[in-house]
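What the coordinates show
Below, each chain spelled out in residue letters.
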Amino acid sequence: MNNSVIGFASCIISCIAFGFMFAPLRKFDSRDGNIGSVPIINHLGIGVGMLVWGSVQVLVGWGVARFGFFGTRPQLVYNNAMNVVGLLFVLISGFMFVFVKHKNQERHSVAERSAISMQQIGGNVIQTQTNNSHKVTSHITKEKIGCLGLSVVLGVFHGLMMTPIVYIQDNDSNASPNVLDYVFPHFCAIFSCSTIYFIAYCIWMRDRIHAPPELVTFEQYLPQILPSAVYGVLWCTGMTLWFVSNRMLSQTVSFPITTRLPSTIGVLADVLIFKDVKGKKNLLITFSAVTIGLIGVLLIAFSNQQTI
């Protein structure tokens, strides 16, 4: 079978897996993610945080492959102009997604604006409406600046996650050409780092860890364990096939597609399945961003086809 067919099939299935991997966790307050995602979302919001994080990831992943940074070989495409224009379209679509409001965001915003501060005065509770509390969050603070920097750092790390494997394959004549041989070490490194982080989290939080006290038996934990397991299976499937598509298509093609298309699939699921995105303006922005993103994905995909 043609390498391009295998590569694009792997890429599409990978994007579908990544696009739906959070769906099983929608009903649960997991309060987790990678180490930096929680403070980023808390201080910047999902839109801005993911825009900075995702855009940097796309640019770094694409740039390292395109120009051959860090000792790797440049991965050229047949139509460089088409590839660059496609990349710009992908970045523009990511910027547009920031302006899409989800139902969960609106509920959070309403709750924040109608927050009630409780003041104890002489044993009497006085409730004061703090309708302007949301204005404070718009100010530039050290925490927000720090989280912007953290978003950039995470984007860089994610953009470089394939680089060690590419470097080994490009520079070590004894390295395995089969990209699947590198999946298990990659997952082991993730498991090791996650374990270290979890231990540090437990030591730091002690009795303040996020573990509902009513969940004390396996039967009670099971409804949360199964969705987490499904999430893990989808993530592993997506990541493994991303390794394959990265090798078959080149990183200059697979990286922008696999970084942008899952979020597009996720947004479409929010609109068509979960009904979390409503309103004419929201839907107009959503479908405009999806259209621009898909055009970018197609341009990138065709940029490495010799017949174009």
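Residues numbered from 1 in each chain as written. Predicted model: local features only at pLDDT ≥ 70, side-chain atom pairs only at ≥ 80, totals over all residues. Heavy atoms only, no water.

This brings us to the nonpolar core. Of all hydrophobic cores here, the largest spans 14 residues; its most connected members are Phe-18, Met-161, Met-162, Tyr-182, Met-239, Trp-242 and Phe-243. Residue contributions to this core peak at 4 residues, all from helix 9 (residues 218-249). Excluding residues within four positions of it along the chain, Trp-242 makes contact with Ser-14, Phe-18, Gln-57, Met-161, Met-162, Ser-254, Phe-255, Thr-258 and Thr-259. Residues Cys-11, Val-253, Ile-257 and Ala-301 belong to the second largest nonpolar core, which totals 12 residues. (Core = buried A, V, L, I, M, F, W, Y, C linked by side-chain atoms within 4.5 Å. Buried < 20%, exposed > 50% of the residue type's maximum accessible area, 1.4 Å probe, protein only. Helix = DSSP H or I, 4+ residues; strand = E, 2+ residues; numbered from the N terminus. Contact = heavy atoms within 4.5 Å.)

A surface patch of nonpolar side chains, amounting to about 540 Å² of accessible area, comprises Ile-12, Ile-16, Phe-20, Leu-272, Ile-273 and Phe-287. On the secondary structure map, Leu-272 appears in helix 10 (residues 251-272). (Patch = residues over 30% accessible without salt bridge, like charges linked within 9 Å, V, L, I, M, F, W, Y side chains within 5 Å. Areas by Shrake-Rupley, 256 points an atom, 1.4 Å probe, with all protein chains shown as cover. Salt bridge = Lys/Arg side-chain N within 4 Å of Asp/Glu carboxyl O.)

The next subject is the UniProt feature "transmembrane region" (unreviewed entry) in the protein. UniProt annotation of "transmembrane region" (unreviewed entry) refers to residues 6-25, 46-69, 81-100, 145-168, 183-204, 225-245 and 283-302 when read in the numbering used here. The span residues 6-25 is 75% helical and 0% strand by assignment, and the distance between its end C-alpha atoms comes to 30 Å. A helix fraction of 100% and a strand fraction of 0% characterise residues 283-302, whose end C-alpha atoms lie 28 Å from each other. (UniProt positions renumbered as here; feature names shortened; annotations may be inferred.)

Right, let's talk about the confidence of the model for the protein for a bit. The predicted model of the protein has a mean per-residue pLDDT of 76, with 74% of residues at 70 or higher. Ranking the elements of the protein by mean pLDDT puts strand 1 (residues 116-121) last with 35 and helix 7 (residues 163-171) first with 90. Segment residues 107-138: pLDDT under 50, and 32 contacts once partners within four positions in sequence are set aside and those in other chains are kept. (pLDDT = per-residue confidence, 0-100.)

Another aspect to go through is the side chain of Asn-83. Summarising the element assignment, Asn-83 is placed in helix 3 (residues 80-97). For Asn-83, the side chain forms a polar contact with the side chain of Trp-62, separated by 2.6 Å. Ignoring any residue separated from it by four or fewer positions in sequence, one finds Asn-83 in contact with Trp-62, Val-77, Thr-252, Ile-300 and Ser-303. (Polar contact = N/O pair within 3.5 Å; in protein donor to acceptor, adjacent residues only side chain to side chain.)

Within the structure shown, the criterion is met by 6 aromatic pairs. Between Phe-187 and Trp-235, the ring centres sit 5.3 Å apart and the planes meet at 40°, which makes this aromatic pair tilted. Of the two residues, Phe-187 sits in helix 8 (residues 183-205) while Trp-235 sits in helix 9, which places them 48 residues apart along the sequence. Measuring from centroid to centroid gives 5.1 Å for Trp-242 and Phe-255, while their planes differ by 50°, and the two rings are tilted. Of this pair, Trp-242 sits in helix 9 while Phe-255 sits in helix 10, and the two are 13 residues apart along the sequence. Neither Trp-242 nor Phe-255 differs from the other in exposure class; each is buried. Through a chain of ring-to-ring contacts, the aromatic side chains of Phe-18, Trp-242 and Phe-255 assemble into a single cluster. Cation over ring: Arg-66 sits above Phe-67, and NZ or CZ is 5.2 Å from the ring centre. (Phe/Tyr/Trp six-rings, centres within 6.5 Å; stacked < 30°, edge-to-face > 60°. Lys NZ or Arg CZ within 6 Å of the ring centre and 35° of its normal.)

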